[in-house]
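One-letter residues, chain by chain:
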Amino acid sequence: MSAEIDELRKEIEAIDKQILELLSRRLKISAKIGEIKSRIGKDVTDEKREQKVREYWYNYARNLGIPDSMVESILPILFSYSKMVQINPGKKKNITVIGYGGMARSLISLFSLVGHNVVVTGRNKEKAERLASEFKVVYMDLDSALNWGEYIILALSPSSFDYILRISPKFTSKVVMDIFSSKNEIFKELEKLSEIYSFNYISTHPLFGPITYPVGERIVIIPSKTSKNVNEIVNFWRECGLNTTVSTVEEHEKAMAIVQVLAHFYILGLHRSIDELRKELGIENLSNFYTTNFKELNKIIEKVSNILPVILEIQKSNPYAYKVRDIGVNELQKIKEELGG
Ligand SMILES: O=C(O)C(=O)C[C@]1(C(=O)O)C=C[C@@H](O)C=C1
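These figures come from a predicted structure and were not determined experimentally.

Enquirer: With reference to specific residues and values, describe the sheet that holds strand β1 (residues 94-98).
Expert: With respect to topology, eight strands assemble into an open sheet ordered β3-β2-β1-β4-β5-β6-β7-β8, the strand pairing being mixed. The open sheet is flanked by β3 (138-139) and β8 (243-246), the only strands paired with a single partner. As defined by bridge partners, strand β5 (residues 175-178) adjoins strand β6 (residues 200-206) across two bridges and the pair is classed as parallel. For Val175, the partnering residue across the bridge sits in β6 and is Asn200. Sheet strands touched by helix α8 (residues 184-196): β4 (151-154), β5, β6 and β7 (218-223). Its angle to β6, the strand with the most contacts, is close to 155°.

If you want it as structure tokens, here you go:
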């Protein structure tokens, strides 16, 4: 190799060292901010601050001839690790997760990152054991797991409601949290069960998909009649690095009518229309023509398709779904007329 390249590579190594030293300094400062936030009860993520950081990154980068796309790649990683070092586990909890699907996996990744004690259980021993070994946590049979856990997380789909019904007499004196995205019917049922079997029920809705280490994402917390120590639960999630919204079933369902029902309805329509038009217009290699925005849309379509049963369940169970879809179609119709048909 040429001596000139060797020389330049040495320069790069020296710069890399500086970049890493600066990254380490940045993370340490971020951890200090995290300690203060935890002390004063503030969420880890601060959107306004992130916006400001984003602005100066783009400005400095442009002045230095660094492309926007490089900033776009680096900044989310920087924020995400910055938030990871801000996690403050507080007091270790014994958490029992019932279930082994994508959301169980996501929450277990978070709990074990934070350093809580986690046990996985469920109807299928093999699947529960596989998930437990992935995150080096423990599998237990249902009875032992329920006995051991202080917090019981029902990471199950609404179709498992009969199972929950059957095991709920064993929840007595525990803090029980479901993670269903639709609260309408199930909240009332679980609230009733919590009164009958004397457990402390508090509903949650993680506003994220089955991602690993969802630090910085948001969770909605909905207290029920039997919820005690709501603040303790809010702090628990905050100390796991999630942003928290405390809400009511009614407010949650209304917000989800827009955020989920309307958005998914349009995405389903977009997906079908794309397939239909491809056939109609006879375009085979559409991907050769994807714009940046269309690529992003496609990613969203794929994510939605991967969890189609959940999406359809929300379309069915949200009490405002009919109104939402009516308005959705009407607005499209109006746009069509405005555009001349
Ligand atoms: O400034 C803060 O509040 C931080 O926690 C630091 C930081 C960052 O890495 O720049 C990280 C997370 C917040 O969402 C905003 C900014």
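Enquirer: Could you give an account of the layout of surface pockets, naming the residues involved and the relevant values?
Expert: The calculated volume of the largest pocket comes to roughly 1,300 Å³. Surrounding the largest pocket, 42 residues form its lining, Met103, Gly209, Pro210, Ile307 and Val310 being those nearest its centre. Mapped by element, the contributors of at least two residues to the lining of the largest pocket are α4 (102-114), β6, α10 (249-281), α11 (292-306) and α12 (308-317). By residue number, the principal contributor to the lining of the largest pocket is α12, which donates seven residues. Of the residues assigned to the lining of the largest pocket, the class counts are 24 nonpolar, 14 polar and four charged. Taken domain by domain, the lining of the largest pocket gets at least three of its residues from each of domain 2 (94-247) and domain 3 (252-338). Here the second largest pocket defines a volume of roughly 850 Å³. Lining the second largest pocket we find 28 residues, and of these Arg26, Val53, Tyr56, Trp57 and Leu78 sit closest to its centre.

Enquirer: Can you lay out the packing of α10 against α11 for me, pointing to particular residues and giving the numbers?
Expert: Between α10 and α11, the least distance of the axes is 10 Å, while the angle of their chain directions is 110°. Compared by their axis directions, α10 and α11 come out roughly perpendicular. Contacts between α10 and α11 pair His264, Ile267, Leu268, Leu270, His271 and Ile274 from the former with Phe294, Leu297, Ile300, Ile301, Val304 and Ser305 from the latter. Here the contact of α10 with α11 is built from residues that sort into nine nonpolar, three polar and no charged.

Enquirer: Help me get a handle on a nonpolar patch on the surface, residues and values and all.
Expert: On the surface, Tyr60, Leu64, Ile66, Met70 and Ile74 cluster together into a nonpolar patch covering about 500 Å² of accessible area. By the secondary structure assignment, Met70 is in helix α3 (residues 68-84). On the basis of relative accessibility, which here comes to 43%, the residue Met70 falls in the partly exposed class.

Enquirer: Kindly report on the site of the ligand, identifying the contributing residues and their values.
Expert: Taken together, Arg26, Ile33, Lys37, Val44, Thr45, Asp46, Arg49, Glu50, Phe79, Ser82, Lys83 and Gln86 form the complete shell of residues around the ligand. Contacts to the ligand include Arg26, whose side-chain N or O atom sits 2.8 Å from an oxygen atom. Protein burial of the ligand: of its 360 Å² of free accessible surface, 91% is covered by the chains. When atom positions are compared with the pocket grids, the ligand is found to occupy the second largest pocket. For the shell around the ligand, the elements supplying multiple residues, two or more each, are α1 (3-40), α2 (47-63) and α3. Split by residue class, the shell around the ligand holds three nonpolar, three polar and six charged.

Enquirer: Provide a residue-level description of the packing of α10 against helix α13 (residues 321-338), including the pertinent values.
Expert: Interhelical geometry of α10 versus α13 gives an angle of 50° and a closest axis separation of 10 Å. The angle between α10 and α13 places the two elements in the oblique class. In this structure, α10 meets α13 at a crossing whose hand is right-handed. In this structure, α10 contributes Ala257, Val261, Leu262, Phe265 and Tyr266 to the contact, and α13 contributes Ala321, Val324, Arg325, Gly328, Val329, Glu331 and Leu332. Of the residues assigned to the contact of α10 with α13, the class counts are nine nonpolar, one polar and two charged.

Enquirer: Residues and numbers for the pattern of salt bridges, please.
Expert: This model, assessed by the stated rule, comprises 18 salt bridges. With its nearest N and O atoms 2.6 Å apart, the salt bridge here joins Arg105 to Glu134. Residue Arg105 is found in helix α4, and its partner Glu134 is found in helix α5 (residues 125-134); the two are separated by 29 residues along the sequence. Residue Glu134 is classed as partly exposed on the basis of its relative accessible area, which comes to 41%. Linking Lys299 and Glu296 is a salt bridge whose minimum nitrogen-to-oxygen distance equals 3.2 Å. With Lys299 and Glu296 both in helix α11, this residue pair falls three residues apart, about one helical turn. For Glu296, a relative accessible area of 43% corresponds to the partly exposed category. Salt bridges sharing partners connect three or more residues here, namely Glu50, Arg54 and Lys83.

Reading the values: rules and limits
Residues numbered from 1 in each chain as written. Predicted model: local features only at pLDDT ≥ 70, side-chain atom pairs only at ≥ 80, totals over all residues. Heavy atoms only, no water. Pairing = 2+ DSSP bridges. Helix = DSSP H or I, 4+ residues; strand = E, 2+ residues; numbered from the N terminus. Contact = heavy atoms within 4.5 Å. Axes fitted to C-alpha atoms, helices over the stretch in contact; angles between N-to-C directions. 1 Å grid on protein atoms, 1.4 Å probe; cavity = no way out; pocket = protein on both sides within 12 Å on 5 of 7 lines; lining within 4 Å. Points joined across faces, edges and corners; volume = space filled by probe spheres on them. Nonpolar A, V, L, I, M, F, W, Y, C, P; charged D, E, K, R; others polar. Domains from an automatic or database assignment. Parallel < 35°, antiparallel > 145°, perpendicular 65-115°, else oblique. Patch = residues over 30% accessible without salt bridge, like charges linked within 9 Å, V, L, I, M, F, W, Y side chains within 5 Å. Areas by Shrake-Rupley, 256 points an atom, 1.4 Å probe, with all protein chains shown as cover. Salt bridge = Lys/Arg side-chain N within 4 Å of Asp/Glu carboxyl O. Buried < 20%, exposed > 50% of the residue type's maximum accessible area, 1.4 Å probe, protein only. Near = heavy atom within 4 Å. Polar contact = N/O pair within 3.5 Å; in protein donor to acceptor, adjacent residues only side chain to side chain. Sits in = over half its atoms within 2 Å of the grid points. Left-handed = near helix turned anticlockwise from the far one by under 90°.

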